[in-house]
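An overview of the molecular structure
Now for the letters of each chain:
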Amino acid sequence: MSLLEIENVSKSFGNKKVLNKVSLKLEKGMIMGLLGKNGSGKTTLLKLINDLLTPDEGKILVNGNEVGVLSKKDISFLPERTYLEPNMRVEEVLNFFKEFYEDFDIEKARKLLEKLDLDEKARLSKMSKGMKEKVQLVLVMSRKAKLYILDEPLGGVDPSTRDYILKTIISNFSEDSSLLISTHLISDVEKILDQVVFIDQGQIVLHEKADELRDKNNCSVDEVFRRMLKC
Amino acid sequence: MLNKLMKYDLKKMYKVLVVFYCLSLILAIICRVFNELGNIFAFRVLYIIFSSIEYAIIANVIVHAFVRIILRFNNNFYKDESYLTHTLPVSKQKLLLSKYLSSLIVIFSSVVIVFLSFFIMFYDAQTIEAISNFLTALSGQFNFSVAGFISLVVVSLFVQICSIISMTFYAIVLGNRANEKRALKSLLWIALFYIISIVFSLLCIFAVSAMFNVANEIFSNVVSGKTLLIVFVLAIILYSTYSIFFYFLSNRAFNNGVNVD
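I will try to describe carefully the structure that is included in this document.

Here we come to the overall build of chain A. Scanning chain A from terminus to terminus reveals nine helices and ten strands. A compact globule built from 231 residues should have a C-alpha radius of gyration of about 17 Å, and chain A, at 17 Å, falls within 12% of that. Dimensions of chain A, computed from the C-alpha atoms along their principal axes, are close to 45 × 35 × 35 Å. Relative to its full complement of 231 residues, chain A shows a buried share of 45%. Counted over contacts in chain A with a minimum sequence separation of 6, partners at least 24 positions apart contribute 70%.

Another aspect to go through is helix H9 (residues 221-228) of chain A. Because each turn of an α-helix spans 3.6 residues, side chains separated by three or four positions in sequence point in the same direction. Residues and elements named next belong to chain A. Of the residues making up H9, those classed as buried are Val-221, Val-224 and Phe-225. Down the axis of H9, the smallest arc covering the buried residues is 100 degrees, so these residues share one side. Looking at the residues trailing H9, positive phi occurs at Lys-230, about 45 degrees.

Moving on, we get to the packing of helix H1 (residues 2-36) of chain B against helix H2 (residues 41-78) of chain B. Residues and elements named next belong to chain B. The contact between H1 and H2 brings their axes to 8 Å, and the two run at 165 degrees. When the axis of H1 is compared with that of H2, the two are roughly antiparallel. In the crossing of H1 with H2, the sense of the turn from one axis to the other is left-handed. Residue composition of the contact of H1 with H2, by class: 21 nonpolar, five polar and five charged.

To continue, consider the interface of chain B and chain A. Each side of the interface is counted separately: chain B has 17 residues, and chain A has 19 residues. Classifying every residue of the side of chain B that touches chain A gives seven nonpolar, seven polar and three charged.

As a further point, take the pairing of strand E7 (residues 147-151) of chain A. Residue and element names in this part refer to chain A. Extensive coverage of E7 is indicated by the burial of five of its five residues. Side-chain alternation along E7 places Leu-147, Ile-149 and Asp-151 on one buried face and Tyr-148 and Leu-150 on a second face that is also buried. Looking at chain direction, strand E6 (residues 75-78) and E7 are connected through four bridges and run parallel. If you follow Leu-78 over to E7, its bridge partner there is Leu-150. Pairing analysis gives five bridges linking E7 to strand E8 (residues 178-183), with the strands arranged parallel. Across the sheet, residue Leu-150 finds its bridge partner in E8, namely Ile-181.

Residue and element names in this part refer to chain A. Pairing within the open sheet is mixed, and its six strands lie in the order E6-E7-E8-E3-E9-E10. Strands at the two margins of the open sheet, each flanked by one partner only, are E6 and strand E10 (203-209). In this sheet, neighbouring strand axes are inclined to one another by 15 degrees on average, regardless of whether the strands run parallel or antiparallel. Relative to E8, strand E3 (residues 31-36) runs parallel, the two sharing five bridges. Paired with Leu-34 across the two strands is Ser-182, which belongs to E8. Here helix H5 (residues 129-141) sits on the sheet in contact with E6 and E7, set at roughly 175 degrees to E6.

Look at A:Asp117: it is not a glycine, yet its phi comes out positive at around 60 degrees. Since 8 C-beta atoms lie within 10 Å of it, A:Asp117 is described here as exposed.

What counts and how
- Residues numbered from 1 in each chain as written.
- Chains lettered and ligands numbered in written order.
- Predicted model: local features only at pLDDT ≥ 70, side-chain atom pairs only at ≥ 80, totals over all residues.
- Helix = DSSP H or I, 4+ residues; strand = E, 2+ residues; numbered from the N terminus.
- Rg over C-alpha atoms; globule rule 2.2 N^0.38 Å.
- Buried ≥ 20, exposed ≤ 12 C-beta atoms within 10 Å, placed from the backbone.
- Contact = placed C-beta atoms within 7 Å.
- Arc of directions from axis to C-beta.
- Axes fitted to C-alpha atoms, helices over the stretch in contact; angles between N-to-C directions.
- Parallel < 35°, antiparallel > 145°, perpendicular 65-115°, else oblique.
- Left-handed = near helix turned anticlockwise from the far one by under 90°.
- Nonpolar A, V, L, I, M, F, W, Y, C, P; charged D, E, K, R; others polar.
- Pairing = 2+ DSSP bridges.

Structure below.
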């Protein structure tokens, strides 16, 4: 059984079809890159998996469960947006996560915050966007989830910190978990990917193992993406 | 989980409301002090100034409570915060119920503060006696006991507030189903539900009073105790029905999925 199964999922906003019969499977222990241009439907797909939107048709199963309370226990989601209440202190957010997620490891979160030079006593309103994103990443990676879903985890982070963030992601998820990363910064993430999925105009146009794709085309995933989607 | 959700909802809503609560109580004490010293002209003037401010604060307590409730519901379920709310391992029913219960607590505490402020400002044996006499006369006019009359008023006000909250929440849920102009659409739904419920309530009151042959009394200046009882009981039944009806509609709509921005 796959950890994540998406079958013929479609989603429209008004007359605009954002996703068109998307099917996808993610096995345990895999790191999958969901790659696409802006507005290709990546975030919509992730929002559907996380119950933030409802599909017009199709089915989504997470560890065999339909999207709901059980699937949310298995997923640790990092959205593109800052969802934390600005008036809260970091330590209050840690306690919030501890209260709601049984698998949240508060000690691990504290260590990660320290490594990233983030003050537990600081208020989120006093932090820059990049710092808030780091706090959110720490929260997400401090859960012992089965599936980690990261939407543009490097979007607001400066290039010098990106490697460190990627290292944090890789070193903090266990081998029996899976990771789904959505990004358009392909060159930054491609070295950690096992599988790549190209999405364009709401449809999956390629789903292949990263190594095989590189060998077949004799170039990087980023290069294949640029050629294929004519960026 | 419901307790935890309510704890955070209340914490967030009370953060600002507590300031108004304190202001209202402090100003009530100040007004009381100036009123006690009212035989001196300067204090009389100060009493007038401070009591005007106090009335504005009291009005603000109630208005602000409603605004906080609506903002909390909208922001927590449909704005950036919703990315956390809807990914918590909690059922949608519990999320919704926590908003209802915490809203009722906020309204209740705000009403208590308003009463307490008035009590501080005006309490003395004479005022209490005057109110008591007024209530005795009023309830006696309709052949009610004072306790029965007050209970009817309080219960009908409570269910009316519940129904307003229910309608507002459902209107926000419907408004946010749209892809654009969500706030405007939510407002239009609120106005529509409120108008429909008032028209329907009036029609029901008229129909039931006609059944009891007291319809003509409804539109006259002299209303008997029986008629007043019919109106109160019917209002309680109707507003309870609206509260439950709109709560279930919100629950169903919410279970069918959200459409986060």
